[in-house]
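Each chain, letter by letter, is given below.
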Amino acid sequence: MAELVFVGCYTGEAGNGTGITTFSRSATGELHEVASLALESPSWLTRHPSLPVLYAVNETATGEVTALSFDDSGKLSVLGAAETGGAHPCHLAATSDGRFLLCANYTGGSLAVFALSPSGSIEARTALVQHEGSGPRTDRQEAAHVHMAVPGPGIVSAVDLGTDEIRSYTLSPDGSAELLAVSSLPAGTGPRQLVRRPGTDLAYVVGELAGTVVTVRETSPGVFEVVASTPSTLSSVTPNLVAHLELTGTRMYVSNRGPDCVTEFALDEAAAVADQPCGANPRHFTLVDGTCYVAAQSEDAITAFALTASGEAELKYYPTGSPTFVLPVSTP
């Protein structure tokens, strides 16, 4: 089985990248560039749940999403694109049945839903829900800023950095979205991402503006109550703009921009264990076979380190312009 890694980036005035770069990953975890496709600021990528199809946001003032097919070599081909209905889309997720694609429009402050064809192409936008509101941080929370769209069974939860809320919607079979619940987080949190812990009713929210990880309990589908909040890093470096989190077993990992580290947490104790330096301005990262691959945007590189129990690990660098997202894919 071949291992591919697709890397998204910022382009043009936003960064030094050119589009989506494909790397092959060796049995020892090394990355080797094998292909690239020019595309405007594909800052977030997601895969169709069953087809060799990727989706990329084009994080621009116009706001688009692009569907792409890929082959076993990692070569990409554009299937089509659609306007998202809001500026600077920053997150995508496909529903588990492959019927819908969910999109968070950051500057637009809205949630968009797209119907997908059986071949994985984008058919039509079926919903566009506009958020309203603000938060106490007038420099970043002057309006709604939807940062993540999280699918669940028949629902989608939109994480709003601008309003300190998680707004959940019922996702109908026709792709329409109706408000189900609004869950508030501590003022000034600036929630960026929400990840459920499998097998429990718990989930974790990274607070980009507060530099925190907030534990929440999902008391019913799409309804969240705050359980606890803890700093997202052991470091005292400020400002800290928390970016991404991943769960694996009883561990959680969080990237922190400012301290420029990935912080390991013991989930059961809800406590930070160690900070791992990872390059300048770490955004998204992924965990593959005991290695963490980090999109270090201002380092112009993917950095990689082994997940160990002995503290800091050696950091490897794989140059690529303004990376923002790292997506591993296995092919036959």
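Residues numbered from 1 in each chain as written. Predicted model: local features only at pLDDT ≥ 70, side-chain atom pairs only at ≥ 80, totals over all residues. Heavy atoms only, no water.

Some details on the environment of Leu245
- Structurally, Leu245 can be placed in strand E20 (residues 241–248).
- When its relative accessible area of 1% is taken as the criterion, Leu245 is described as buried.
- Separated by 19 residues in sequence, Leu245 and Glu264 place their C-alpha atoms 9.8 Å apart. (Helix = DSSP H or I, 4+ residues; strand = E, 2+ residues; numbered from the N terminus. Buried < 20%, exposed > 50% of the residue type's maximum accessible area, 1.4 Å probe, protein only.)

Considering the pattern of salt bridges
- Throughout the structure, instances matching the rule amount to eleven salt bridges.
- Taking the shortest distance from any N to any O, the salt bridge between Asp139 and Arg137 comes out at 3.0 Å.
- A relative accessible area of 30% means that Arg137 is categorised as partly exposed.
- The partner of Arg192 in a salt bridge is Glu208, and the shortest N-O contact between them spans 2.8 Å. Taken together, the residues Arg192 in strand E16 (residues 191–196) and Glu208 in the loop between strand E17 (202–207) and strand E18 (212–220) connect sequence positions 16 residues apart.
- Connected through shared salt-bridge partners, Arg140, Arg192, Glu208 and Arg257 make up one network. (Salt bridge = Lys/Arg side-chain N within 4 Å of Asp/Glu carboxyl O.)

Some thoughts on the pairing of strand E14 (residues 165–171)
- Most of E14 is tucked away, with six of its seven residues classed as buried.
- Bridge count between strand E13 (residues 155–160) and E14: six bridges; the pairing is antiparallel. Within the sheet, the bridge partner assigned to Ser157 lies in E14 and is Ser168.
- What sits between the antiparallel neighbours E13 and E14 is a turn of four residues, in which Asp164 has the positive phi angle 55°.
- Looking at chain direction, E14 and strand E15 (residues 177–184) are connected through seven bridges and run antiparallel. (Pairing = 2+ DSSP bridges.)

Some points on the side chain of Thr212
- Take Thr212: it is sitting in strand E18.
- Here Thr212 falls in the buried class, since its relative accessible area comes to 12%.
- Once residues within four sequence positions are removed from consideration, Thr212 is found in contact with Thr189, Val205, Val206, Gly207, Ser229, Thr230, Pro231, Ser232 and Val242. (Contact = heavy atoms within 4.5 Å.)

Quick notes on the pairing of strand E10 (residues 110–116)
- With respect to burial, E10 is a largely interior element, seven of its seven residues being buried.
- Burial along E10 is two-sided: Ser110, Ala112, Phe114 and Leu116 facing one way and Leu111, Val113 and Ala115 facing the other are all buried.
- Across six bridges, strand E9 (residues 100–105) lies against E10 in antiparallel orientation. Residue Cys103 lies in a different strand from E10, and its bridge partner there is Ala112.
- Counting the residues in the hairpin turn of E9 and E10 gives four residues, including Gly109, whose phi is positive at 65°.
- As judged from the seven bridges shared by E10 and strand E11 (residues 122–130), these two strands associate in the antiparallel manner. Bridged to Leu111 within E11 is Val129.
- In sequence, E10 turns back onto E11 through a hairpin of five residues, with Gly120 there showing a positive phi of about 95°.

Details of the sheet that holds E10
- Read from one edge to the other, the open sheet built from four strands follows the order E8-E9-E10-E11, with strand pairing classed as antiparallel. A strand with exactly one partner marks an edge of an open sheet, and here the two such strands are strand E8 (89–94) and E11. Put simply, the sheet's adjacent strands are angled 20° from each other on average, direction ignored. (Axes fitted to C-alpha atoms, helices over the stretch in contact; angles between N-to-C directions.)

Some words on the environment of Ala82
- The topology assignment puts Ala82 in strand E7 (residues 76–83).
- Owing to a relative accessible area of 18%, Ala82 belongs among the buried residues under this scheme.
- Counting along the chain gives 18 residues from Ala82 to Glu64, while the straight-line C-alpha distance between them is 5.5 Å.
- Dropping the residues within four chain positions of it, Ala82 is found in contact with Gly63, Glu64, Val65, Phe114 and Ile122.

Describing the environment of Ser117
- Along the chain, the position of Ser117 falls in the loop between E10 and E11.
- Between the C-alpha atoms of Ser117 and Glu40, which are 77 residues apart in sequence, the distance is 24 Å.

As for the sheet that holds strand E4 (residues 45–47)
- Taken together, four strands build an open sheet; the order of strands is E4-E5-E6-E7 and the sheet is antiparallel. The sheet is open, and its two edges are formed by E4 and E7, each paired on a single side. Taking the axes of each pair of neighbouring strands and ignoring which way they run, one obtains an average angle of 25° across the sheet.
- Taken together, the seven bridges between strand E6 (residues 64–70) and E7 define a ladder with antiparallel strand orientation.

Some remarks on the nonpolar core
- Counting residues in each nonpolar core, the largest one holds 29 residues, and the members touching the most others are Phe6 and Tyr55.
- For this core, the leading source of residues is strand E5 (residues 53–58), giving five residues.
- Grouped together as the second largest cluster of nonpolar side chains are 19 residues, Leu111, Leu161, Tyr169 and Leu171 included. (Core = buried A, V, L, I, M, F, W, Y, C linked by side-chain atoms within 4.5 Å.)

Some remarks on the state of the cysteines
- Enumeration according to the criterion identifies zero disulfides in this entry.
- Looking at Cys261, it has no disulfide partner, and the nearest cysteine sulfur is the one in Cys278, 6.4 Å off.
- You can call Cys261 buried: its relative accessible area is 3%.
- Exposure remark for Cys278: the relative accessible area of 0% places this residue in the buried category. (Disulfide = S-S within 2.5 Å.)

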